[in-house]
Amino acid sequence: AQFMVDILGAAHTHSPYPWPPVEGCVATRWVQFGDDNLQVHFVLAEEFETANFSIAEVDQAMSGFEALESGSFHASMYNSLVLEVDSLDEYLLRLKAQSMPYMLMQTTSKQYVLFMIIPQNAITVQLRSQHLSVEEPISESICTEDFGQMAF
């Protein structure tokens, strides 16, 4: 959840579950983006772990974090939260300030796409914008899809 606050500008919001974690209880952190009522819930439910299932192992198998660190694209990154923003500049600067891996691409319509992974959650976030003024190398490692203008 802290990644969403530090990098994406969300704010912590009330959750009915405890944090920090209490033994035997589901623990959560919730964040909200502005006045849009868009919330993201991060859940820690260790009681579901068994001898054959580990949350940490599933996260490791599904996360594209290490791929981003090496400049590669992981297939799991296609499953992502996609948000359209006015400019990618502030997000790139925040990622760089915290030494977080990311990948910047460009679609054929001159729209830029910034991929990032929320650490220890195997969640990929794509930010899309037509504005980028920070000088950054643009990866051409995969073909990105042009969604056009997204309207809600």
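Our structure is the block above this text.
The rules we used
Residues numbered from 1 in each chain as written. Predicted model: local features only at pLDDT ≥ 70, side-chain atom pairs only at ≥ 80, totals over all residues. Heavy atoms only, no water. Helix = DSSP H or I, 4+ residues; strand = E, 2+ residues; numbered from the N terminus. Rg over C-alpha atoms; globule rule 2.2 N^0.38 Å. Buried < 20%, exposed > 50% of the residue type's maximum accessible area, 1.4 Å probe, protein only. Contact = heavy atoms within 4.5 Å. Areas by Shrake-Rupley, 256 points an atom, 1.4 Å probe, with all protein chains shown as cover. Lys, Arg positive; Asp, Glu negative; His and termini not counted. Charge placed at Lys NZ, Arg CZ, Asp CG, Glu CD. Salt bridge = Lys/Arg side-chain N within 4 Å of Asp/Glu carboxyl O. Phe/Tyr/Trp six-rings, centres within 6.5 Å; stacked < 30°, edge-to-face > 60°. Pairing = 2+ DSSP bridges. Axes fitted to C-alpha atoms, helices over the stretch in contact; angles between N-to-C directions.

S.K.: Tell me about the overall build of the chain, residues and numbers included.
M.R.: When helices and strands are tallied, the chain shows 4 helices and 7 strands. In the chain, the succession of helices and strands from N to C terminus is α-β-β-β-α-α-β-α-β-β-β. Taken over the C-alpha trace, the chain has a radius of gyration of 17 Å; the compact-globule value for 152 residues is 15 Å, and the two agree within 12%. The buried share of the chain, reckoned over its 152 residues, is 39%. In the chain, the proportion of contacts linking residues at least 24 apart, taken out of those at least 6 apart, comes to 50%. Entry remark: accessible area of the chain is about 9,200 Å², with carbon and sulfur atoms responsible for 51%. For the chain, the centre of its 5 positive side-chain charges and the centre of its 20 negative side-chain charges are spaced 9 Å apart.

S.K.: Describe the pattern of salt bridges, with residues and values.
M.R.: Any two side chains of opposite charge can pair if their charged atoms end up close together. Inspection of every chain in the model, using the stated rule, returns 1 salt bridge. Salt-bridge contacts for Arg94 lead to Glu90; the nearest nitrogen and oxygen are separated by 2.7 Å. A residue pair is termed a helical-turn pair when its members lie 3 or 4 positions apart in one helix, as Arg94 and Glu90 do in helix 4 (residues 89-97) at 4 residues.

S.K.: Explain the packing of aromatic side chains to me, using residue names and the numbers behind them.
M.R.: Note on aromatic pairs: each is described by the distance of the centres and the angle between the planes. Summed over the entire model, instances satisfying the criterion amount to 2 aromatic pairs. Arranged with centres 5.1 Å apart and planes meeting at 90°, the rings of Phe73 and Phe115 form a pair that is edge-to-face. Linking Phe73 in the loop between helix 3 (65-69) and strand 4 (80-84) with Phe115 in strand 6 (residues 112-118), this pair joins segments that are 42 residues apart in sequence. A single burial state applies to Phe73 and to Phe115, both of which are buried.

S.K.: Tell me about the sheet that holds strand 6, and please be specific about residues and values.
M.R.: The 4 strands are arranged 4-7-6-5 in an open sheet whose pairing can be described as mixed. Edge positions in the sheet fall to strand 4 and strand 5 (102-106), since each has one partner strand and no second. Taking the axes of each pair of neighbouring strands and ignoring which way they run, one obtains an average angle of 20° across the sheet. By the bridge criterion, 7 bridges tie strand 6 to strand 7 (residues 123-129) in an arrangement that is antiparallel. Bridged to Ile117 within strand 7 is Thr124.

S.K.: Lay out the environment of Val134 in plain terms, naming residues and giving numbers.
M.R.: Residue placement: Val134 occurs in the segment after strand 7. In this structure, the C-alpha to C-alpha distance between Val134 and Ser87, residues 47 residues apart in sequence, is 9.9 Å. Among residues more than four places away in sequence, those in contact with Val134 are Asp89, Leu92 and Leu93.

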